[in-house]
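So you can see what is in the structure, the chains are spelled out below.
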Amino acid sequence: ASERQRRGRAGRCQPGVAYHLYSRVRSNGLAPFQTPELHRTPLDELCLQVKLIEKTESSGGISAFLGKAVEPPAPAAIANAVGNLQTIG
């Protein structure tokens, strides 16, 4: 997605060319959009932050809070993160 954004900006704002340090084959193989951060990063620290917010607000727990996201993480990923935190103590 960012490659197309750069390509569209080059020459539109001011004269210019977009240079990419990979081949067209690799460019064509890239995903059209980046995977959401909630799906590609560990949720442990985010769960702790949600727990801090929960102390001041009454919500339905970490799963309910993260479930309100535009593209929420899988329930199993949330359960694993909470389990890891409980194991740590």
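The next thing to look at is the overall build of the protein chain. Assigned secondary structure in the protein chain consists of 6 helices and 0 strands. Counting helices and strands in the order they occur from the N terminus, the protein chain gives α-α-α-α-α-α. In the protein chain, which comprises 89 residues, the share counted as buried stands at 13%. The contacts in the protein chain between residues at least 6 apart in sequence include a share of 47% that link residues at least 24 apart. Of the accessible surface of the protein chain, which amounts to about 7200 Å², a share of 55% is contributed by carbon and sulfur atoms.

A word on the nonpolar core. One finds Leu43, Cys47, Val50, Ile62, Leu66, Ile78 and Ala81 forming the largest nonpolar core, which totals 7 residues. Sorting the residues of this core by element identifies helix H4 (44-56), helix H5 (62-67) and helix H6 (75-88) as the ones contributing at least two each. If near-sequence neighbours (up to four positions away) are discounted, Ile78 is found in contact with Leu43, Ile62, Ser63, Leu66 and Pro73.

Looking at where Gln49 falls in the secondary structure, it is placed in helix H4. Along the backbone, Gln49 and Ile62 are 13 residues apart, and their C-alpha atoms lie at a distance of 9.5 Å.

Time to look at the environment of Leu46. Mapping Leu46 onto the fold places it in helix H4. A sequence separation of 32 residues divides Leu46 from Ile78, and the C-alpha atoms of the two residues are 9.7 Å apart. The residues contacting Leu46, other than those within four sequence positions of it, are Leu38 and Leu66.

We now examine H6. Relative to the 20 Å expected for 14 residues at 1.5 Å per residue, H6 spans 20 Å between its end C-alpha atoms, a close match to the ideal helical length. One or two positions beyond H6, positive phi appears at Gly89, with a value near 110 degrees.

Time to look at the environment of Asn80. Structurally, the position occupied by Asn80 is in helix H6. Using a relative accessible area of 51% as the deciding quantity, one classes Asn80 as exposed. Once the C-alpha coordinates of Asn80 and Asp44 are considered, the two residues, 36 residues apart in sequence, prove to be 8.6 Å apart.

So, about the confidence of the model for the protein chain. Put simply, the protein chain has an average pLDDT of 81, and 79% of its residues get 70 or more. Looking over the protein chain, one finds the lowest element-wise mean pLDDT in helix H1 (residues 2-9), namely 64, and the highest in H6, namely 91.

Definitions and limits used
Residue numbers restart at each chain and count upward from 1, following the sequence in its written direction. With pLDDT at 70 or above as the cut-off, local features in this predicted model cover only qualifying residues; side-chain atom pairs require 80 or more to be listed or tallied, and sums for whole chains, interfaces and linings still use all residues. Just so you know, side-chain values use all the structure's heavy atoms and leave hydrogens and water out. In this text, helices come from DSSP runs of H or I with a minimum length of four residues, and strands from runs of E with a minimum of two, each type numbered from the N-terminal end. Relative accessible area decides the class of each residue, using a 1.4 Å probe on protein chains only: under 20% of the type maximum gives buried, over 50% gives exposed, and in between gives partly exposed. The contact rule is simple, with two residues in contact once any of their heavy atoms fall within 4.5 Å. Accessible surface area values rest on a Shrake-Rupley calculation with a 1.4 Å probe, where residue burial reflects the displayed protein chains alone. For our purposes a nonpolar core is just a set of buried Ala, Val, Leu, Ile, Met, Phe, Trp, Tyr and Cys residues, chained together by side-chain atoms within 4.5 Å. In a helix, the anticipated span is given by 1.5 Å times the number of residues less one. In predicted models, pLDDT denotes the confidence assigned by the predictor to each residue on a 0 to 100 scale.

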